[in-house]
Amino acid sequence: MAFTVNLYVEAGATFSREVAYTNADGTVFDLTGYTAELQVRETAASATAAITVEPDIDVETGVVSWTFSAEETSGLTASKYVYAIELTHLGGNVIRFIEGDITVSPEVVR
């Protein structure tokens, strides 16, 4: 089951975040062999993604981190979006790691 983490993003500004993936007992989840993909969409049913990035995975610490560039966030023109990060293992196992809403503060300085 995915963790729900809602985000607040300022359009036109760089946005970075990192989240540690741990087991129920607090130990680091073994992310060896996993890749990550993050997509931002206006709604879950939207045909195209507003932003797609490949988050970095630090296997040693279990940290998944990502950045949206200022150029990417300037394309966020609606006030709300949804996003999710999926982790895919070399063997085909897919985990929906994080999902949530994105509230966008509109860009003023252009």
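(A) The arrangement of the overall build of the chain in detail. A count of helices and strands for the chain gives 1 helix and 9 strands. When the helices and strands of the chain are read in sequence order from the N terminus, they spell out β-β-β-β-β-β-β-α-β-β. When the backbone C-alpha atoms are referred to their principal axes, the chain occupies close to 45 × 25 × 20 Å. Taking all 110 residues of the chain together, the buried fraction comes to 32%.

(B) Representation of the layout of surface pockets within the structure. Taken as a whole, the largest pocket encloses approximately 290 Å³ of empty space. In terms of lining residues, the largest pocket is bounded by 16 residues, among which Gln39, Arg41, Tyr83, Ala84 and Ile85 are the most central. Elements with a minimum of two residues in the lining of the largest pocket: strand 4 (34-41), strand 8 (80-89) and strand 9 (94-105). Tallying contributions element by element places strand 8 first for the lining of the largest pocket, with 6 residues.

(C) Inspection of the side chain of Ser105 at higher detail. Assignment of secondary structure puts Ser105 in strand 9. Among the polar contacts made by the side chain of Ser105, one reaches the side chain of Tyr8 at a distance of 3.4 Å. Not counting residues up to four positions away in its chain, the partners in contact with Ser105 are Tyr8, Val9, Glu10 and Ala11.

(D) Looking closely at the pattern of salt bridges. All told, the structure shown has 1 salt bridge when counted by the stated rule. Put simply, Arg96 and Glu99 hold a salt bridge, and the shortest N to O gap is 2.6 Å.

Rules behind the numbers
Residues numbered from 1 in each chain as written. Predicted model: local features only at pLDDT ≥ 70, side-chain atom pairs only at ≥ 80, totals over all residues. Heavy atoms only, no water. Helix = DSSP H or I, 4+ residues; strand = E, 2+ residues; numbered from the N terminus. Buried < 20%, exposed > 50% of the residue type's maximum accessible area, 1.4 Å probe, protein only. 1 Å grid on protein atoms, 1.4 Å probe; cavity = no way out; pocket = protein on both sides within 12 Å on 5 of 7 lines; lining within 4 Å. Points joined across faces, edges and corners; volume = space filled by probe spheres on them. Polar contact = N/O pair within 3.5 Å; in protein donor to acceptor, adjacent residues only side chain to side chain. Contact = heavy atoms within 4.5 Å. Salt bridge = Lys/Arg side-chain N within 4 Å of Asp/Glu carboxyl O.

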